[in-house]
Amino acid sequence: MQAEHLEILDFLRRWQPFTELPEETLNHVATNVEVSYFKAGDRILEFGAPVDAWYFIRSGAVEVYRRNGDLYNRLSEGGYFGEFGLLRHKLTRFPAVALEDTLVYLIPDAIFSELFENNELFADFVEVEDRTRLRHALARREDANELMTSRVESLVTRAPVSMDIGSTIQAGAKLMRDEGVSSLLITDSSADDREDLPSHKARMVGVITDRDIRNRLVAEGLDYATPISKVMSTDIIHVEHNQLVFEAMMAMLRYNIHHLPVLKHKEPIGVLALSDIIRYESQNSLFVVGRIFRAHSVEELKVLSGEVRSCFSRMVNEDANSRMIGSAMAVIGRSFKQRLLELAEEKLGPPPIPYCFLALGSMARHEQLIVTDQDNALILDNSYDPNIHGEYFSDLSDFVCDGLDACGYEYCKGQIMATNPKWRQPLRVWEQYFSDWIEKPTAEKLLNSFIFFDLDAVWGKSEWVEHLTNLISRKARHNSTFLACMARNALLRTPPLGFFKDFVMEHSGKHTRSINMKRRGTAPLADLIRVHGMAVGSRSRNSFERLEDIIEADILPTGRGQDLRDALEFISMVRIRHQALDLEAGREPDNDIEPENLSDFERKNLKDAFQILSNAQKFLKYRYQPGRAN
Amino acid sequence: MFYLGRDKVAEAETRLPGSPEVPEWSERFATLAQQASNPHLKRFYEAGAVAGETPIADVPMLSIDFETTGLDPQKDDIVSIGLVTMSLDRIRLREGRHWVVKPRADLRNESVVIHGITHSEVEDAPDLTRILEELLDLMAGHLMVVHHRGIERPFLDAALRQRIGEGIEFPVIDTMELEARLHRRRPPGLIDRLMGRSSESIRLADSRGRYNLPYYRPHNALTDALACAELLQAQVAHRFSRDTPVCELWH
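Residues numbered from 1 in each chain as written. Chains lettered and ligands numbered in written order. Predicted model: local features only at pLDDT ≥ 70, side-chain atom pairs only at ≥ 80, totals over all residues. Heavy atoms only, no water.

1. Side note on the overall build of chain B
Moving on, step 1. The secondary structure content of chain B amounts to eleven helices and five strands.
Moving on, step 2. In chain B, which comprises 251 residues, the share counted as buried stands at 55%.
Moving on, step 3. A total accessible area of about 10,900 Å² is found for chain B, and carbon and sulfur atoms account for 51% of it. (Helix = DSSP H or I, 4+ residues; strand = E, 2+ residues; numbered from the N terminus. Buried < 20%, exposed > 50% of the residue type's maximum accessible area, 1.4 Å probe, protein only. Areas by Shrake-Rupley, 256 points an atom, 1.4 Å probe, with all protein chains shown as cover.)

Rendered as structure tokens:
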């Protein structure tokens, strides 16, 4: 047949995975298509029956079933089925029935196999296991943004320049000039007996930077012959060679430093300077954070909330992954809190007793996006006396929470805020709260308090948070009743089955107009990962880091941890991208997504991700039963 | 295909199935094979026609469509031919063909507007005689499927008479007539007229819509042949069965 048969060609061209095929291949496919009509109710494929073609729906709707009769999928125009059978013994594995009068284009087995063998993108798309397709989809996207996901190592262009601690500062400055560097590593060859270093290696004991020479030498009027040891910084913050560049960025922000030694197998392989990163990342959250700390009033901070949104959009446009965006947004959120607390202390005077301001939930997990409410709390020193200190901390909390609301972090509807006296308590009360939740758990009680199990220190006594984290990790791990209650709550929110035309398909067969990506996707995933994380004693806060701990502890069936990671990443990115689209269109971003706004690619992969979540929930239910040893 | 004209011609030819003038085609083909002098035509008849009681599911078919210079087989001629082999279960595009041929009648501007085949295209096209052998070989052993039998059969018959001095006969399944059996059986009743309802259109695109078949751009002979093939599958699925004897469907 001649290629001028455009109807079929034009149709195929509109749908994944044909969009990826070269014109010539597409012609070849179109000229070999076979066509079949099925009226509503007709059985298209029976279980076990031979299958000789791949079914692509031209019009109508088809339901695909599992062998046990459960609905597996409902497909409409552009949907396809039959690949499972074709790839395995040419026998139907998932029976299919026409739901409406349906016309299908059949791609004969020989053509399908040819495409599958010769075309990687095509094979990725129709891969036997849905989850494999999801992983390929993610991998391809990451290929496209090498820069944002690169490792620290890739920015290291030269070996570190180092000098012995016995030298003078002038000798050090000369070396820096000659080498054209802005920092020096200082080593001590006499300290080589430390057991954590090979004996022939000198130990890195300090760092000198341009800034140190200005601030500690010139400004102080010290002699140029001053020993280098008097000027260098000794509390060395470093990064590992295989950490991500954005993690190095976050470390610089957190500790307000511009140079980070890069270590590989405990040996320095270079120094990463802020300017190196800026060269890569000319636009990033660093600038927003810088402006937050220079703001002098809540009014000035309020102005910056617009900048936060453009920073978010910029990161999305630059193809940052969800972990980087979540982390950057959390750092920005933290910075608002920190600056507000500084301003509060300026206004109210120094705190009468030590305290620690907490971030809870998504901010603590470093999974914050732009549509978020504030979840926070205060830990006070055990010497807290409400009669003496009560007013100060109440005012402080009001100042911070009002300020956050003004900056776009809405008040928490569940009143989980430092302004609520219940969540503004001395450390010993917090210990009691956690002990009570873990040792006398009920599902109802935990439903309102699970957010406290994601906690991070924002300001003040961060060691108290460490203390509480240790307490949780110790008590929760082997308490099967507690884990079972947490697991039960983690099953309350479930994903939908997938999409059908412009509707969201529920497992019940019902249709809805839109889906809340947080409630039905990222939140249940985070909940589920939290339970597993607690069971393995993970002290990580981020869901991806928790997953790494879970995978290492090997409590999931092989490969399922990686699947969860991919599912979390994909659902998060869909949520993120749609918020960015809302911003672009001048709409107020939200978590609701209408299927009509999803691309074909997103629909197919989201369906896979929901499937992974759904299966993981079944496993969770089975694994955490009260009284069962985990 | 010429929808506008076909509607009009259809009324005259519509008849109920099973009426006596349906010939027993397998016998008729045997006779015609004896009489034919053109070797290609002879071969076509020798391939035979299925017996009238054969279930439709067992019949190899060929959906065929012509674009023509006009509606009168005696004055007008064929401009393009599209065909695709099919069975009740599968339509196979791999075994489809599309030709533009040079008509011996004038290509009028009105028809150019419809099928989009221009004067310069037909100037370079071969005469029907050049593709006749291939066409007849493809038709051999197949039951022809058309949307309105007033076009393809009479036009091919006239074209062969003009070129090889003998005509052609064969049975066809007419999807338009199958549709007309449903919708033109009785005139619109009083209620229908009061409600402003007119009788259903049996044009190809409208008929397809009733079976949830997709819209295809009309007037490319190959697309129309495919559209007609799909329509037959849908009509049999809804209103007949796999076992329906072919004599209830053909003419």
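2. Details of the sheet that holds strand 18 (residues 455-460) of chain A
Residues and elements named next belong to chain A.
Moving on, step 1. What the four strands build is an open sheet, ordered 17-16-15-18; its pairing is mixed. The sheet is open, and its two edges are formed by strand 17 (424-426) and strand 18, each paired on a single side. Across the sheet, the mean angle separating the axes of adjacent strands is 30 degrees when strand polarity is ignored.
Moving on, step 2. Here strand 15 (residues 355-360) runs beside strand 16 (residues 376-380); their pairing, made up of five bridges, is antiparallel. The partner of Cys 356 across the bridge, within strand 16, is Ile 379.
Moving on, step 3. On top of the sheet, helix 13 (residues 322-348) reaches strand 15, strand 16 and strand 18; it is set at about 35 degrees to strand 18, its chief contact. (Pairing = 2+ DSSP bridges. Axes fitted to C-alpha atoms, helices over the stretch in contact; angles between N-to-C directions. Contact = heavy atoms within 4.5 Å.)

3. So, the packing of aromatic side chains
Moving on, step 1. Applying the stated criterion to the full structure yields 38 aromatic pairs over all chains.
Moving on, step 2. Pairing Trp 54 of chain A with Phe 56 of chain A gives two aromatic rings, centres 5.7 Å apart and planes at 55 degrees, and the pair type is tilted.
Moving on, step 3. Taking the centre distance of 6.4 Å and the plane angle of 65 degrees together, the rings of Tyr 384 of chain A and Phe 393 of chain A count as edge-to-face.
Moving on, step 4. Relative accessible area serves as the criterion here: at 0%, Phe 393 of chain A is assigned to the buried category.
Moving on, step 5. The rings of Phe 11, Trp 15, Phe 18, Trp 54, Phe 56, Tyr 80, Tyr 105, Phe 112, Phe 116 and Phe 122 of chain A are connected pair by pair, giving a single aromatic cluster.
Moving on, step 6. In this structure, Arg 208 of chain B is placed above the aromatic ring of Tyr 216 of chain B, and the distance from its NZ or CZ to the ring centre is 4.4 Å. (Phe/Tyr/Trp six-rings, centres within 6.5 Å; stacked < 30°, edge-to-face > 60°. Lys NZ or Arg CZ within 6 Å of the ring centre and 35° of its normal.)

4. As for the interface of chain A and chain B
Moving on, step 1. Residue-level contacts link 29 residues of chain A with 25 residues of chain B.
Moving on, step 2. Between chain A and chain B we count six salt bridges in total.
Moving on, step 3. Here Glu 7 of chain A makes a salt bridge to Arg 217 of chain B, at a shortest N to O gap of 3.1 Å.
Moving on, step 4. Summed over the shared surface of chain A and chain B, the result is 19 residue pairs in polar contact (both at pLDDT 80 or more).
Moving on, step 5. Among the residues forming the side of chain A that touches chain B, the class breakdown is 13 nonpolar, seven polar and nine charged.
Moving on, step 6. Pairing of strand 1 (residues 34-38) of chain A with strand 3 (residues 91-100) of chain B, which is carried by two bridges, proceeds in the antiparallel orientation. When the sheet's bridge partners are listed, Val 35 of chain A is paired in strand 3 of chain B with Ile 91 of chain B. (Salt bridge = Lys/Arg side-chain N within 4 Å of Asp/Glu carboxyl O. Polar contact = N/O pair within 3.5 Å; in protein donor to acceptor, adjacent residues only side chain to side chain. Nonpolar A, V, L, I, M, F, W, Y, C, P; charged D, E, K, R; others polar.)

5. Brief notes about the pattern of salt bridges
Moving on, step 1. Summed over all chains, the structure comprises 54 salt bridges over all chains.
Moving on, step 2. Close ionic contact of Asp 10 of chain A with Arg 217 of chain B constitutes a salt bridge, the shortest N to O distance being 3.1 Å. You can see Asp 10 of chain A sitting in helix 1 (residues 6-13) and its partner Arg 217 of chain B sitting in the loop between helix 10 (204-210) and helix 11 (221-239), one on each of two chains.
Moving on, step 3. The class for Asp 10 of chain A is partly exposed, based on a relative accessible area of 26%.
Moving on, step 4. Judged by its relative accessible area of 42%, Arg 217 of chain B falls in the partly exposed class.

6. Focus on helix 18 (residues 480-490) of chain A
All names here are of chain A.
Moving on, step 1. With nine of eleven residues buried, helix 18 is to be regarded as a mostly interior element.
Moving on, step 2. Taken together, the buried positions of helix 18 are Ser 480, Phe 482, Leu 483, Ala 484, Cys 485, Met 486, Ala 487, Asn 489 and Ala 490.
Moving on, step 3. Lining the buried residues of helix 18 we find helix 15 (427-439), helix 16 (443-447), helix 17 (462-476), helix 19 (517-535) and helix 22 (600-623).
Moving on, step 4. If you check the start of helix 18, you find a side-chain oxygen 3.2 Å away from the backbone N of Thr 481, and it comes from Asn 479.

7. Focus: the sheet that holds strand 9 (residues 162-164) of chain A
Residue and element names in this part refer to chain A.
Moving on, step 1. Pairing within the open sheet is mixed, and its three strands lie in the order 9-10-11. Edge positions in the open sheet fall to strand 9 and strand 11 (203-209), since each of these has one partner strand only. With direction set aside, neighbouring strand axes in the sheet form an average angle of 35 degrees.
Moving on, step 2. As judged from the three bridges shared by strand 9 and strand 10 (residues 183-188), these two strands associate in the parallel manner. Bridge pairing in strand 10 links Met 163 to Ile 186.

8. Here we look at the confidence of the model for chain B
All names here are of chain B.
Moving on, step 1. Scored by pLDDT, chain B comes out at a mean of 84, with 84% of its residues at no less than 70.
Moving on, step 2. Within chain B, no element has a lower average pLDDT than helix 1 (residues 3-13), which sits at 44, and none a higher one than strand 4 (residues 143-146), at 96.
Moving on, step 3. Note on residues 7-20: pLDDT under 50 across the span, and 20 contacts to partners over four residues away in sequence or across chains. (pLDDT = per-residue confidence, 0-100.)

9. Thoughts on the nonpolar core
Moving on, step 1. Ranked by size, the top nonpolar core spans 111 residues in total, and within it Leu 12 and Phe 81 of chain A together with Phe 44 and Ile 173 of chain B carry the most contacts.
Moving on, step 2. Excluding anything up to four places from it in sequence, Leu 12 of chain A contacts Phe 18, Leu 26, Val 29, Ala 30, Val 33, Phe 56 and Tyr 105 of chain A.
Moving on, step 3. By size, the runner-up hydrophobic cluster in this structure holds 67 residues, among which are Trp 437, Leu 483, Leu 568 and Ile 593 of chain A. (Core = buried A, V, L, I, M, F, W, Y, C linked by side-chain atoms within 4.5 Å.)

10. What to know about the pairing of strand 4 of chain B
Residues and elements named next belong to chain B.
Moving on, step 1. Burial of strand 4 is two-sided: the residues Leu 143 and Val 145 facing one way and the residues Met 144 and Val 146 facing the other way are all buried.
Moving on, step 2. The pairing of strand 1 (residues 61-68) with strand 4 spans three bridges and is parallel. Each residue of the ladder has a partner; that of Met 61, found in strand 4, is Leu 143.
Moving on, step 3. Note: strand 4 against strand 5 (residues 172-174), three bridges, orientation parallel. When the sheet's bridge partners are listed, Met 144 is paired in strand 5 with Val 172.

11. Examining a negative patch on the surface
All names here are of chain A.
Moving on, step 1. A cluster of acidic side chains, namely Glu 391, Asp 395, Asp 398 and Asp 402, defines a negative patch on the protein surface.
Moving on, step 2. Checked against the element boundaries, Asp 395 lands in helix 14 (residues 386-406).
Moving on, step 3. On the basis of relative accessibility, which here comes to 32%, the residue Asp 395 falls in the partly exposed class. (Patch = residues over 30% accessible without salt bridge, like charges linked within 9 Å, V, L, I, M, F, W, Y side chains within 5 Å. Lys, Arg positive; Asp, Glu negative; His and termini not counted. Charge placed at Lys NZ, Arg CZ, Asp CG, Glu CD.)

12. Side note on the packing of helix 21 (residues 560-584) of chain A against helix 22 of chain A
Residue and element names in this part refer to chain A.
Moving on, step 1. Contact geometry for helix 21 and helix 22: axes closest at 9 Å, N-to-C directions at 135 degrees. The orientation of helix 21 with respect to helix 22, classified from their angle, is oblique. In the packing of helix 21 onto helix 22, the handedness of the crossing is left-handed. Facing helix 21, whose interface residues are Asp 563, Leu 564, Ala 567, Phe 570, Ile 571, Val 574, Arg 577 and His 578, helix 22 presents Phe 601, Glu 602, Asn 605, Leu 606, Ala 609, Phe 610, Ile 612 and Ala 616. (Parallel < 35°, antiparallel > 145°, perpendicular 65-115°, else oblique. Left-handed = near helix turned anticlockwise from the far one by under 90°.)

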